[in-house]
Amino acid sequence: MYHVERPVFNEGYIDSELLHRKKRTSKSLQRRIAEHLRCSSEKAKSVVFGFLPILTWLPSYPLKQYLFGDIVSGISTGVMQLPQGLAYAMLAAVPPVFGLYSSFYPVLLYTFFGTSKHISIGTFAVISLMIGGVAVREAPDSMFAVNGTNASQVVDFEARDARRVEVVVALTTLVGIIQLVLGLLRFGFLAIYLTEPLVRGFTTAAAVHVSVSQIKYLLGVHTARFNGPLSVVYSLDAVFRNIASTNVVTLIIGLVCTVFLYFIKDLNERFKKKLPIPIPGEIIVVIVSTGISYGMVMSENYGVEVVGKIPTGLLPPKIPDFSVFPNLFPDAFAISVVGFSIAISLAKTFALKHGYSVDGNQELIALGLCNFMSSFFHTFVVTASMSRSLVQESTGGHTEIAGLLASILVLLVVVAIGFVFQPLPTTVLAAIIMVNLLGMFKQLKDIPALWRTSKIELAIWLVSFFASVLLGLDYGLVVAMGFAILTVIYRTQCPKNALLGQIPDTGLYFDVDEYEEVVAGPKKQMDHVYNNGQMNENHTESDSEDDFFLQRLTPIHTIILDFTPVNFIDSVGAKCIKSVSQQLLFPKKTLEDRLVRSG
């Protein structure tokens, strides 16, 4: 039993006796701008430390406690970064070596500008697929058709790939600019508009797109790459039309690698507490399949498609082609928001787990700088990778040093031994991609869970999924965001309201439509008969309608309005409250007048 007793306060008493408002003098716009731009040593230090978070933790970096864990984590993540960089470059429709470039420069830069200690920046399947769609649209095979033998047309793959690289690099530059500007304007809150059901439905749809796009590599058939609405349907139709030309050796290699990678992934999951580091199944598959392909000369003897030429060393910087910016802006904005949403959601998850905070605006700035500055060195758009981030965290990574070491490992491979991967079969990369998508397909388990908890969130998930699968990732994202906003409007305009009834002799009130009448303890004698706060219909037919509706069901002492879920009150709401108050003070008004004023 609790008994609370205190005086009844009114607003006038609180303002005059308990609280004293601060005196505020209005400032001119010129003065506010001057104060904002005024520089001091403390303000300059705060700006520098905010822009370069590495300065806040590197000077006090505990070598003995963190260094070994960061080294192990960096090597483990770097070993994983290599095959994924090669594989996701195929999704981005550029030669594999550009995936390695994208696994070095942005990761190095994030060490200086990022605020998350555990996410692994680099290539990611969803973003790579969105990039590839833009590259194929802007530089389709038909643009590079040349006359071949017997009056046939063939594609100039070298010219096509060079143009697609130019388009992808320009897109990356534009994405970086958009993210950087949004970060400087403090638009880090944008991620809240991409709710979790929307993002999970979208990424599951992206997994469908990615899987379908890799079937042709797994089978060794040659089909065109489709983009836009119903691209999944067209891609499947093209594969089935050409399935008779399947390369059996390519299929066997792909299936063996898929089974092996799935087995290793399951093994790592089952024994993650006992294994000091995860078994690097992907790099094992890459090394073994590259050796076998080289030894058996599979490209020439069996027609197995391989990665091909990988230049040794880094390419010199080059200014992007700004002329294609107008065509790329809508895609760049969508990729910017999706990439940031994925990165910040992972960053907040790890920050909550390990007890530190991440700055959404600084993360936008960090991603923007990573993409913008790296684009001059021939990279494509990057974001955080879920699988690599889990490895980086689970293998003992404590700080961004782990990501720095992973980027150095990638650099050593690019500079020294990149050419070794030239005989690598592309079907192996397809197997790596498809196995890494298993985590996204597990998000289908959200459907029964959301059915039990929130039908509206389930609708958002399903609309996001089906719209993205059928219309493509770009249009699907727009439709999903529009539908999510409509659900907010629906919830606002159609809130749930309930008539509450009191359990006798208690202070408990419950929805009369949800619960049966509760009888507890001796009932008090009352003038009327009540059923969960509602008066029984025991009035006679002679009672007038006015008398029935205007009589009070219970003796009214005080009415409490619970405004906890109310965000704001506008003038219309204030008038409505005033109207209700007047109705209670003067209950003998006519029914018609009452309905008019409350309407």
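Heads up: these notes are all about the structure in this document. Just so it is clear, the model here is predicted, and its values are computed rather than measured. (Residues numbered from 1 in each chain as written. Predicted model: local features only at pLDDT ≥ 70, side-chain atom pairs only at ≥ 80, totals over all residues. Heavy atoms only, no water.)

Attention now moves to the overall build of the chain. Per the secondary structure count, the chain includes 26 helices and eight strands. The proportion of buried residues among the 599 residues of the chain is 42%. Taking as baseline every contact in the chain between residues at least 6 positions apart, the subset at least 24 positions apart corresponds to 77%. Total accessible area computed for the chain in this model is approximately 34400 Å², and 63% of it derives from carbon and sulfur atoms. (Helix = DSSP H or I, 4+ residues; strand = E, 2+ residues; numbered from the N terminus. Buried < 20%, exposed > 50% of the residue type's maximum accessible area, 1.4 Å probe, protein only. Contact = heavy atoms within 4.5 Å. Areas by Shrake-Rupley, 256 points an atom, 1.4 Å probe, with all protein chains shown as cover.)

Looking now at the nonpolar core. Of all hydrophobic cores here, the largest spans 110 residues; its most connected members are Met130 and Ile131. If one sorts the elements of this core by residue count, helix H15 (residues 325-354) sits on top with 15 residues. When neighbours within four sequence positions are excluded, isoleucine 131 is seen to be in contact with Ala92, Val168, Leu171, Ile335, Phe380 and Val381. Core analysis: the second largest hydrophobic core is formed by nine residues, Ala205, Val212, Val232 and Leu450 among them. (Core = buried A, V, L, I, M, F, W, Y, C linked by side-chain atoms within 4.5 Å.)

Next up on the list: the environment of arginine 388. Summarising the element assignment, arginine 388 is placed in helix H17 (residues 386-394). A C-alpha to C-alpha distance of 9.6 Å links arginine 388 and histidine 118, two positions 270 residues apart in sequence. Among residues more than four places away in sequence, those in contact with arginine 388 are Thr77, Met80, Gln81, Gln84, Tyr88, Ser120, Ile121, Gly122 and Thr123.

Positive phi, normally seen in glycine, also occurs at alanine 93, with a value near 65°. Mapped onto the fold, alanine 93 is located in the loop between helix H5 (63-91) and helix H6 (97-102).

Here the focus is helix H16 (residues 360-375). Its 16 residues place the ends of H16 22 Å apart at the C-alpha level, agreeing with the 22 Å of an ideal helix rising 1.5 Å per residue. With 14 of 16 residues buried, H16 is to be regarded as a mostly interior element. Measuring from the side-chain oxygen of the N-cap residue of H16 to the backbone nitrogen of asparagine 361 gives 3.0 Å; that N-cap residue is aspartate 359. (Expected span 1.5 Å × (residues − 1). Polar contact = N/O pair within 3.5 Å; in protein donor to acceptor, adjacent residues only side chain to side chain.)

Counting buried residues along helix H19 (residues 426-436), ten of its eleven residues qualify, which places the element largely inside the surrounding structure. Taken together, the buried positions of H19 are occupied by Thr426, Thr427, Val428, Leu429, Ala430, Ala431, Ile432, Ile433, Val435 and Asn436. Buried residues in H19 make contact with H5, helix H10 (196-219), helix H12 (248-270), helix H13 (281-296), H17 and helix H20 (438-441).

Two numbers describe how H15 lies on H17: the axes approach to 11 Å, and their chain directions differ by 20°. Taken together, H15 and H17 sit at an angle that is classed as roughly parallel. Between H15 and H17 the crossing geometry is right-handed. Packed against H15, whose contacting residues are Leu346, Phe350, Lys353 and His354, the element H17 presents Met386, Ser389, Leu390 and Glu393 at the interface. (Axes fitted to C-alpha atoms, helices over the stretch in contact; angles between N-to-C directions. Parallel < 35°, antiparallel > 145°, perpendicular 65-115°, else oblique. Left-handed = near helix turned anticlockwise from the far one by under 90°.)

A few words now on the packing of aromatic side chains. Counted according to the given criterion, the structure contains twelve aromatic pairs. Measuring from centroid to centroid gives 5.5 Å for tryptophan 461 and phenylalanine 465, while their planes differ by 20°, and the two rings are stacked. Of this pair, tryptophan 461 and phenylalanine 465 are both found in helix H22 (residues 455-471), four residues apart, which corresponds to roughly one turn of the helix. There is no split in this pair, since tryptophan 461 and phenylalanine 465 are both buried. Taken together, the aromatic side chains of Trp57, Tyr61 and Tyr66 make up a single cluster linked through ring pairs. Above the ring of tryptophan 451, the side-chain terminus of lysine 455 is found at 4.6 Å from the ring centroid. (Phe/Tyr/Trp six-rings, centres within 6.5 Å; stacked < 30°, edge-to-face > 60°. Lys NZ or Arg CZ within 6 Å of the ring centre and 35° of its normal.)

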